[in-house]
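Breakdown of the fold
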Amino acid sequence: TECVSGCMCPDGLVLDGSGGCIPKDQCPCVHGGHFYKPGETIKVDCNTCTCNKRQWNCTDNPCKGTCTVYGNGHYMSFDGEKFDFLGDCDYILAQDFCPNNMDAGTFRIVIQNNACGKSLSICSLKITLIFEVCLELVITEELLLEGRIQEIATDPGAEKNYKVDLRGGYIVIETNQGMNFMWDQKTTVVVHVAPSFQGKVCGLCGDFDGRSRNDFTTRGQSVEMSIQEFGNSWKITSTCSNINMTDLCADQPFRSVLGQKHCSIIKSNIFEACHSKVNPIPYYESCISDFCGCDSVGDCECFCTSVAAYSRSCSRAGVCIDWRTPAICPVFCDYYN
């Protein structure tokens, strides 16, 4: 209705945000806060997406599932549900001996958190892998210090359907059926399962059916609202006692403040490229909690584990962050290479 100072595009064209005019079909697509031109592609998990007329056209490949356990009882299920659970028993982390699996089961992973110190924070793990060939692999920190993994076979003549490898600081176990297991020999466990396991697994890692709402399905096949009740349902034996979650920072304000200072690297510009792809807040909060759980303030392993967990999630989202330095959680790659 009146003249307004400024720039306008001719009919049929729109502003591109940089002072120029473009046809509407040349408008960019947006992903993770970044703009992509028509024809550009990005990787999302195991699929490729192409920008076309402001819309993403993506392939529909089934992707593998990843479950992660790290630090002081922090879990991320196959379907991406994050939760905290502590227990001093043997628990089924993941298995395909499940009611919803019509095929014969092939693996079971049993995990035991070994608490240490006054705060009952987790300092080591005992892990048992049971395979369909009637063979158990028992992995503990003590056995690895001796450079070996204990194998218990009920049928010594059975052909092994797995292989064990040492990659950098990780113990890696791969099965012929597509289950991969990684342990950093401290408190981080990563389980990968092939797309063929979708909807066929159960345990603390969930059922890998693409829906996180039903991840807290108990051993009795009911969906539990309480994480504690859900976790306790996957105990191997019912004789051991339950552990109630406590706020490790509640009575330690000094450590809480110090933890916030150290853990702020997760929210800093070092990881800025990842913030739009992976929410840093859950990892930041678990980092502070673990820092308060360390018996020694100088023990940086609690801190490093949480930052490394966020870095791994960023890497899976396609963002590689070079965050380690000689002063911050160094890894001696030359030694491992």
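See the structure shown above.
Each residue is numbered by its place in its chain's sequence as written, counting from 1. Selection of residues for local features in this predicted model requires a pLDDT of at least 70, selection of side-chain atom pairs for listing and counting requires 80 or more, and totals for whole chains, interfaces and linings are taken over all residues. Where side-chain values are given, they derive from all heavy atoms of the structure, hydrogens and water being excluded.

Each helix is a run of H or I in the DSSP string that is no shorter than four residues. Each strand is a run of E no shorter than two, and both are numbered from the N terminus. Within the protein, the secondary structure is distributed over 7 helices and 19 strands. Whether a residue is buried, partly exposed or exposed follows from its accessible area with a 1.4 Å probe, protein chains only, as a fraction of its type maximum: under 20%, in between, or over 50%, in that order. Looking at the 337 residues of the protein, the share that counts as buried comes to 42%. Sequence separation of at least 24 residues holds for 48% of the intrachain contacts in the protein that already meet a minimum separation of 6. All accessible-area figures derive from a Shrake-Rupley calculation using a 1.4 Å probe, and residue coverage is judged against the displayed protein chains alone. Surface accessibility of the protein: about 18,300 Å² in total, with carbon and sulfur atoms responsible for 52%. Contacts between residues were defined by any pair of non-hydrogen atoms, one from each residue, lying within 4.5 Å.

A word on the nonpolar core. For the purposes of this section, nonpolar cores are sets of buried Ala, Val, Leu, Ile, Met, Phe, Trp, Tyr and Cys residues that join through side-chain atoms within 4.5 Å. Judged by nonpolar contacts, the single largest core of 37 residues is most densely connected at Leu93, Phe181 and Val191. Elements with a minimum of two residues in this core: strand E8 (65-70), strand E11 (90-95), strand E12 (107-116), strand E13 (121-131), strand E17 (170-175), strand E18 (179-183) and strand E19 (189-193). Sort the elements by how many residues they give to this core and E11 lands first, with 4 residues. With near-sequence residues (within four places) excluded, Leu93 lies in contact with Val69, Tyr75, Ile109, Ile111, Val189, Val191, Cys202, Gly203, Leu204 and Cys205. In this structure, Ile266, Cys292, Val307 and Ala308 belong to the second largest nonpolar core, which totals 27 residues.

What follows covers the pattern of salt bridges. By definition here, a salt bridge exists when the distance from a side-chain nitrogen of Lys or Arg to a carboxyl oxygen of Asp or Glu is within 4 Å. For the coordinates displayed, the defined rule picks out 4 salt bridges. Ionic pairing is found between Glu174 and Lys163, a salt bridge with its closest N-O pair at 3.6 Å. Of this pair, Glu174 sits in strand E17 while Lys163 sits in strand E16 (residues 162-167), and the two are 11 residues apart along the sequence. We classify Glu174 as buried; its relative accessible area is 18%. Close ionic contact of Arg211 with Asp209 constitutes a salt bridge, the shortest N to O distance being 3.0 Å. Linked by salt bridges that have partners in common, Lys163, Asp165, Arg167 and Glu174 make up one network.

We now examine the side chain of Asn101. Mapped onto the fold, Asn101 is located in the loop between E11 and E12. Its relative accessible area of 9% is what places Asn101 among the buried residues.

A separate point is the state of the cysteines. In this description, a disulfide is simply a cysteine sulfur pair whose atoms lie within 2.5 Å. Inspection of every chain in the model, using the stated rule, returns 9 disulfides. Bridging Cys98 to Cys202, the disulfide has an S-S length of 2.1 Å. On the S-S bond that ties Cys98 to Cys202, the torsion sits near -95°, and the link is left-handed. Here Cys202 lies in the loop between E19 and helix H2 (227-232) and Cys98 lies in the loop between E11 and E12, a separation of 104 residues in the sequence. When its relative accessible area of 8% is taken as the criterion, Cys98 is described as buried. The partner cysteine of Cys304 in its disulfide is Cys329, sulfur to sulfur 2.0 Å. As the torsion about the S-S bond is roughly -90°, the Cys304-Cys329 disulfide counts as left-handed. In this pair, Cys304 is assigned in helix H6 (residues 301-316) and Cys329 in the loop between H6 and helix H7 (333-336), connecting sequence segments 25 residues apart. Neither residue differs from the other here; Cys304 and Cys329 are each classed as buried. Among the cysteines around Cys27, which has no disulfide bond, Cys29 carries the closest sulfur, lying 9.3 Å off. Cys320 takes part in no disulfide bond, and the closest cysteine sulfur to it belongs to Cys314, at a distance of 9.5 Å.

Further remarks concern the packing of aromatic side chains. Here a pair means two rings of Phe, Tyr or Trp (six-membered ring of Trp) with centres within 6.5 Å. Their orientation is stacked below 30 degrees between planes, edge-to-face above 60, and tilted elsewhere. Within this structure, the stated rule accounts for 13 aromatic pairs. Ring geometry for Phe85 and Tyr91: centres 5.2 Å apart, planes at 85°, overall edge-to-face. For the residue pair Phe85 and Tyr91, the accessibility class agrees, reading buried in each case. Seen from their ring centres, Phe271 and Trp323 are 6.4 Å apart, and the 40° between their planes marks the pair as tilted. With Phe271 in the loop between helix H3 (253-263) and helix H4 (272-275) and Trp323 in the loop between H6 and H7, the pair connects residues that are 52 residues apart, well separated along the chain. When sorted by exposure, Phe271 lands in the same class as Trp323, which is buried. An aromatic cluster is defined as three or more aromatic residues linked by ring pairs; in this entry it consists of Tyr70, Phe271, Tyr283, Tyr310 and Trp323. Directly above the ring of Tyr284 sits Lys267, whose terminal nitrogen or CZ lies 4.1 Å from the centroid. Look at NZ for Lys and CZ for Arg. If either is within 6 Å of the ring centre and within 35 degrees of the ring normal, a charge sits over the ring.

Side chains Asn47, Cys49 and Cys51 project from strand E6 (residues 47-52) onto a buried face, and the interleaved Thr48, Thr50 and Asn52 project onto a face without burial. Any two strands with at least two DSSP-identified bridges between them are counted as paired. Note: strand E5 (residues 41-44) against E6, 4 bridges, orientation antiparallel. Residue Val44 lies in a different strand from E6, and its bridge partner there is Asn47. Hairpin connection, E5 to E6: the antiparallel pair is bridged by 2 residues, and Asp45 has positive phi, about 60°. Relative to strand E7 (residues 55-58), E6 runs antiparallel, the two sharing 4 bridges. From the neighbouring strand, Asn52 faces E7, where its bridge partner is Gln55. Between E6 and E7, which pair antiparallel one after the other, the connecting turn spans 2 residues, and Lys53 there sits at a positive phi close to 55°.

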